[in-house]
2 protein chains.
Amino acid sequence: MPVYKEMSKEELLQEKTALEAKFEEIKARNLKLDMTRGKPSAAQLDLAMGMMDVLNSSTDLKCEAGVDCRNYGILDGIDEAKELLADMTEVSKDNIIIYGNSSLNIMYDTVSRSVTHGVMGSTPWCKLDQPVKFLCPVPGYDRHFAITEHFGIDMINIPMTTTGPDMDLVEQYVNNDPMVKGIWCVPKYSNPQGLTYSDETVRRFARLKPAAEDFRIYWDNAYGVHHLYDDKQDNLVEILMECKKEGHPDMVFKFCSTSKVSFPGSGVAAIGASKANLEYIKKQMTIQTIGHDKLNQLRHVRYFKDIHGMVLHMRKHAEILRPKFEMVLNGLERELGDKEIGTWINPRGGYFISFDSLPGCAKAIVAKAKEAGLVMTAAGATFPYGKDPLDSNIRIAPSYPTLEELEVATEIFVLSVKLVSIDKILAEKE
Amino acid sequence: MPVYKEMSKEELLQEKTALEAKFEEIKARNLKLDMTRGKPSAAQLDLAMGMMDVLNSSTDLKCEAGVDCRNYGILDGIDEAKELLADMTEVSKDNIIIYGNSSLNIMYDTVSRSVTHGVMGSTPWCKLDQPVKFLCPVPGYDRHFAITEHFGIDMINIPMTTTGPDMDLVEQYVNNDPMVKGIWCVPKYSNPQGLTYSDETVRRFARLKPAAEDFRIYWDNAYGVHHLYDDKQDNLVEILMECKKEGHPDMVFKFCSTSKVSFPGSGVAAIGASKANLEYIKKQMTIQTIGHDKLNQLRHVRYFKDIHGMVLHMRKHAEILRPKFEMVLNGLERELGDKEIGTWINPRGGYFISFDSLPGCAKAIVAKAKEAGLVMTAAGATFPYGKDPLDSNIRIAPSYPTLEELEVATEIFVLSVKLVSIDKILAEKE
């Protein structure tokens, strides 16, 4: 089968008829398939069920410091939880604060605090005459963009390359525009592309000379321990140390959580940063809360024991996720590999596969898939304001469905891509 | 023994010498007694240990709606948790949002959101030319005042009466000054006085005609179910319904949590308000988090079952707290009842006893007690900016120490009150 663009109108119409027949046949099955979000499957959640047993009514509920975890006290997390999440974040125990269940909530609070109180003594963003700007590597994570949009922050698209964001552009903006106060990064197994920033990209980040004193890198290392393979792992240079080496340790906020390690919604989240940043944050935090859930911190530490325990646990996640990713990737390769109607990247970790269709086709593909009962992330969601300028990026989330469901989901997806692409090519031939 | 003021200088000096001897004797014991905060005792926490067992690895972790509580989903709380906390807050299930572990955090977020985004469409407070004002019934809760101070909100003292805040003053401010955007209330077993707002006070609140459309009553019903007695319970009129009857259901935010019901730090907190308020809040909440800890919500519901279960549980708390309150109150009555050097109120619930010394003595009394190893809440803490204009209010927190500790703590306290008061009376006689 030649590439679609080289086929005649008649050949394309013939192909379309055959594909439509297959599509109608699947549609008639009235399926309900959900690939909208990066949700772990029930089988993955089952992996951590032992966590429900580590604390019970006869357990000693004191942390190592001797504090009763059932009572008030300890604003920034129990020591052993700090150690676990510091190891996970690859920073020192002194460079971490434990929060509640959600790293998104920490990011929101971090931006919110900057709006009302500034960053380490800078002018609160709400008191500035001009709007604050954030750089947004695209495609990226919709919930990041939603936070900055919510606070009226102008978002600037920065194209992703295979080594991370276009650093020429990042440097140009950050080093010259004092209104650029931040950049959203998912540096490892990025959402949605599964790309990991190269060593040189991280070092260029650390060498930034921001025009704004309150510029921060919002380093959401959501998938730091979420490898798909034991033998093929991406490596990410640790940015806090790089920033320290370059003489500005305060330039980065690191975020992480155990949401996709233990239980989404019932995990533990943390921020990693320089001591100066953390001191400033704690001044606000002590107004906001008496402390987060120490029993849940204890539950996590007693269950995983240490970072090695977590690494072993993540291997079990990989065993469940790997075949799912391979199912989708093999399907894409088999059905679309020779058609020149879409490109994608084979990720080595994370939760997503990013697919780029022919320009102007993404919304139509997602709509087409929905006709057959497959709900995907809305096209455009991977861009600020939900606006993909090329209308081509689609985020595929293979984690939640079963393998059986994924097989048919992949079939629906490639059929949708083919049908919409043929229509586009036919229209262009008119 | 006559009242101190009527004693001669010689009699006072003689009394002082005797008291100092007693004080030195206690001081020599090198005690460490903590009455700074309203912390439940270990015995109280033990009451809820069964909660550590209700969820385990063989439990069905789906909520009534069939959602797997281990996974993402459900922004505003599982239905059964809504029912439990709605009953606790005395509102309908439709009028509640479940948050994380801390009602303080909800209050902070509520003020923070008003600063950055306004209240139900009003101008964000950070965009106003004049500073926002909050009314603060005094004495009150220091952490409330810390939130408003943190956001640069001007705080206005409103004296408490035995029926609640001085409502003439409240009406005067709220109905005439559009910069008055809120009032902090602990309406039942108030912190620190243990007073409950009278029916007429609640109705006058509901009949307020605020000059500001975005004025809200911040109704922190922290001690709603925290009775000390079965047969002598205060009753508080439910304010959301009263506001509804008066035609402005949007005027109140109610806050509650299970921090002093189950475990402080590992409880569940909620906001109760009109649907219009909740819809506005949810628009922001969906940016801030994917959802709070549903497993902990489930844990609470499975343990308490319903509001009746919670009421029975709170009786057990009362059995532990009641003798402690009575120990302190009896000590005050026995040692200070006839001295005219201090007044206090016998509360029927809550966590505190509020003591008013002779003017200008509170700081000195707290400092004196500390000499003998008894750490109390800092004098002044019960007033905005930590400034008690009369320097007379002291918050006594009897919950945390054991009965044995409380006996000596009470002795230290009354000795400190007597010694400082004698010095003051002597100075006045000079």
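Summary of the structure given here. (Residues numbered from 1 in each chain as written. Chains lettered and ligands numbered in written order. Predicted model: local features only at pLDDT ≥ 70, side-chain atom pairs only at ≥ 80, totals over all residues. Heavy atoms only, no water.)

### Quick notes on the interface of chain B and chain A
Opposite the 57 residues of chain B that make contact, chain A presents 57 residues. For the chain B and chain A pair, buried surface summed over both sides reaches about 4,800 Å², with 53% attributable to carbon and sulfur atoms. When residues of chain B are sorted by the area they lose upon contact with chain A, Arg70, Tyr72 and Ile287 of chain B head the list and together hold 16% of the total. As a salt-bridge pair, aspartate 46 of chain B and arginine 70 of chain A come within 2.7 Å of each other at their nearest N and O atoms. If you look at where chain B meets chain A, you find 23 residue pairs in polar contact (both at pLDDT 80 or more). (Contact = heavy atoms within 4.5 Å. Buried area = accessible area lost by both parts, 1.4 Å probe. Salt bridge = Lys/Arg side-chain N within 4 Å of Asp/Glu carboxyl O. Polar contact = N/O pair within 3.5 Å; in protein donor to acceptor, adjacent residues only side chain to side chain.)

### Quick look at the environment of glutamate 149 of chain A
Residue and element names in this part refer to chain A. Along the polypeptide, glutamate 149 turns up in helix H5 (residues 142-150). Glutamate 149 sits in the partly exposed class, given a relative accessible area of 41%. Through-space distance from the C-alpha of glutamate 149 to that of phenylalanine 134 is 9.8 Å; in sequence the pair is 15 residues apart. Apart from residues no more than four positions distant in its own chain, glutamate 149 is found in contact with Met155 and Tyr385. (Helix = DSSP H or I, 4+ residues; strand = E, 2+ residues; numbered from the N terminus. Buried < 20%, exposed > 50% of the residue type's maximum accessible area, 1.4 Å probe, protein only.)

### Description of the nonpolar core
Residues Phe205, Ile217 and Trp219 of chain A together with Phe205, Ile217 and Trp219 of chain B are the most contacted members of the largest nonpolar core, which totals 114 residues. Not counting residues up to four positions away in its chain, the partners in contact with tryptophan 219 of chain B are Cys185, Pro187, Tyr197, Val202, Phe205, Leu236, Ile239, Val252, Phe253, Lys254 and Phe255 of chain B. With 70 residues, the next largest nonpolar core counts Ala273 and Met285 of chain A together with Cys126 and Ile153 of chain B among its residues. (Core = buried A, V, L, I, M, F, W, Y, C linked by side-chain atoms within 4.5 Å.)

### A short note on the sheet that holds strand S13 (residues 393-396) of chain B
Residue and element names in this part refer to chain B. Strand order in the open sheet formed by three strands is S10-S11-S13, with antiparallel pairing between adjacent strands. In this open sheet, the two edge strands, each paired with only one partner strand, are strand S10 (342-344) and S13. Across the sheet, the axes of successive neighbouring strands diverge by a mean angle of 25°, strand direction being ignored. Pairing analysis gives three bridges linking S10 to strand S11 (residues 353-357), with the strands arranged antiparallel. The residue of S11 that forms the bridge with glycine 342 is serine 357. Across the sheet, helix H11 (residues 307-336) touches S10, S11 and S13, and the angle it forms with S11 is around 20°. (Pairing = 2+ DSSP bridges. Axes fitted to C-alpha atoms, helices over the stretch in contact; angles between N-to-C directions.)

### Section: the side chain of threonine 201 of chain A
With respect to the helices, strands and loops of the structure, threonine 201 of chain A is situated in helix H7 (residues 199-206). Residues in contact with threonine 201 of chain A, not counting those within four places in the same chain, are Thr163, Gly164, Pro165 and Met167 of chain A.

### Comments concerning empty space enclosed by the protein
Summed over all chains, the structure comprises 13 cavities of 30 Å³ or more. Taken as a whole, the largest cavity encloses approximately 400 Å³ of empty space. At the level of elements, helix H4 (103-117) of chain A together with helix H4 (103-117) and helix H10 (294-304) of chain B are the ones that each hand at least two residues to the lining of the largest cavity. Looking at the lining of the largest cavity residue by residue, the class counts come to six nonpolar, 17 polar and four charged. (1 Å grid on protein atoms, 1.4 Å probe; cavity = no way out; pocket = protein on both sides within 12 Å on 5 of 7 lines; lining within 4 Å. Points joined across faces, edges and corners; volume = space filled by probe spheres on them. Nonpolar A, V, L, I, M, F, W, Y, C, P; charged D, E, K, R; others polar.)

### Here's the deal with the pairing of strand S7 (residues 216-220) of chain A
Residue and element names in this part refer to chain A. The buried fraction of S7 amounts to five of the five residues, a majority that puts the element mostly inside the structure. Alternating positions in S7 separate into two faces, Arg216, Tyr218 and Asp220 on one and Ile217 and Trp219 on the other, with burial throughout. Regarding the hand of the β-α-β motif, the stretch spanning strand S6 (residues 180-185), H7 and S7 is right-handed. Looking at chain direction, S7 and strand S8 (residues 252-257) are connected through four bridges and run parallel. The partner of aspartate 220 across the bridge, within S8, is phenylalanine 255. For the crossover from S7 across helix H8 (residues 239-245) to S8, the handedness is right-handed. (Right-handed = clockwise from strand over helix to strand, strands pointing away.)

### Comments concerning the relation of the copies chain B and chain A
With an RMSD of 0.0 Å, the fit of chain B onto chain A corresponds to turning through 180° and sliding 0.0 Å along the axis. In the structure described here, the two chain copies are related by an operation that fits a two-fold rotation axis. Of all interface residues in chain B, 100% are interface residues in chain A too; the two copies therefore contact each other through one and the same surface. (Least-squares fit on C-alpha atoms with pLDDT ≥ 70 in both.)

### Overview of the pairing of S13 of chain B
Residues and elements named next belong to chain B. Residues Asn393 and Arg395 line one face of S13 and the alternating positions Ile394 and Ile396 line the opposite face, and both faces are buried. Note: S11 against S13, four bridges, orientation antiparallel. Paired with aspartate 356 across the strands is asparagine 393, a residue of S13.

### Some words on the side chain of arginine 70 of chain A
When you line up the elements, arginine 70 of chain A lands in the loop between helix H2 (42-46) and helix H3 (79-89). Of the polar contacts made by the side chain of arginine 70 of chain A, one reaches the side chain of aspartate 46 of chain B; its length is 2.7 Å. For arginine 70 of chain A, the residues in contact, after removing those within four places along its chain, are Leu61 and Leu295 of chain A together with Ala42, Leu45, Asp46, Met49, Phe263 and Pro264 of chain B.

### Notes on the packing of helix H12 (residues 362-371) of chain A against helix H13 (residues 403-429) of chain A
All names here are of chain A. Packing of H12 against H13 brings their axes to within 9 Å, and their N-to-C directions diverge by 130°. Judged by the inter-axis angle, H12 sits oblique to H13. As H12 runs across H13, the sense of the crossing is right-handed. Contacts between H12 and H13 involve Ala364, Ile365, Lys368 and Ala369 on the former and, on the latter, Ile412, Phe413, Ser416, Val417, Leu419 and Val420. By residue class, the composition of the contact of H12 with H13 is eight nonpolar, one polar and one charged. (Parallel < 35°, antiparallel > 145°, perpendicular 65-115°, else oblique. Left-handed = near helix turned anticlockwise from the far one by under 90°.)

### Things to note about the sheet that holds strand S3 (residues 133-138) of chain A
Whether parallel or antiparallel, the strands of a sheet pair through hydrogen bonds between backbone atoms. All names here are of chain A. Strand order in the open sheet formed by eight strands is S2-S9-S8-S7-S6-S3-S4-S5, and the pairing between neighbours is mixed. The outermost strands of the open sheet, each flanked by one partner alone, are strand S2 (96-98) and strand S5 (164-165). Relative to strand S9 (residues 269-272), S2 runs antiparallel, the two being bridged by three bridges. Bridge assignment links isoleucine 97 to a residue of S9, and that residue is isoleucine 271. Where H4 meets the sheet, its contacts fall on S6, S7, S8 and S9, and the angle it forms with S8 comes to roughly 150°.

### Observations regarding the environment of asparagine 176 of chain A
All names here are of chain A. By the secondary structure assignment, asparagine 176 is in helix H6 (residues 167-176). Residues asparagine 176 and lysine 209 lie 33 residues apart in sequence; the distance between their C-alpha atoms is 8.7 Å. Once residues within four sequence positions are removed from consideration, asparagine 176 is found in contact with Glu171 and Ala211. Only 2.7 Å separates the side chain of asparagine 176 from the backbone oxygen of glutamine 172, close enough to count as a polar contact.

### Comments concerning the pattern of salt bridges
Two side chains carrying opposite charge are able to pair once their charged atoms lie near each other. Residue and element names in this part refer to chain B. Summed over all chains, the structure comprises 51 salt bridges over all chains. Here lysine 368 and glutamate 371 are joined by a salt bridge, their closest N and O atoms 3.4 Å apart. Placement of both lysine 368 and glutamate 371 in helix H12 (residues 362-371) is noted, with a separation of three residues, approximately one turn of the helix. The class for lysine 368 is buried, based on a relative accessible area of 18%.

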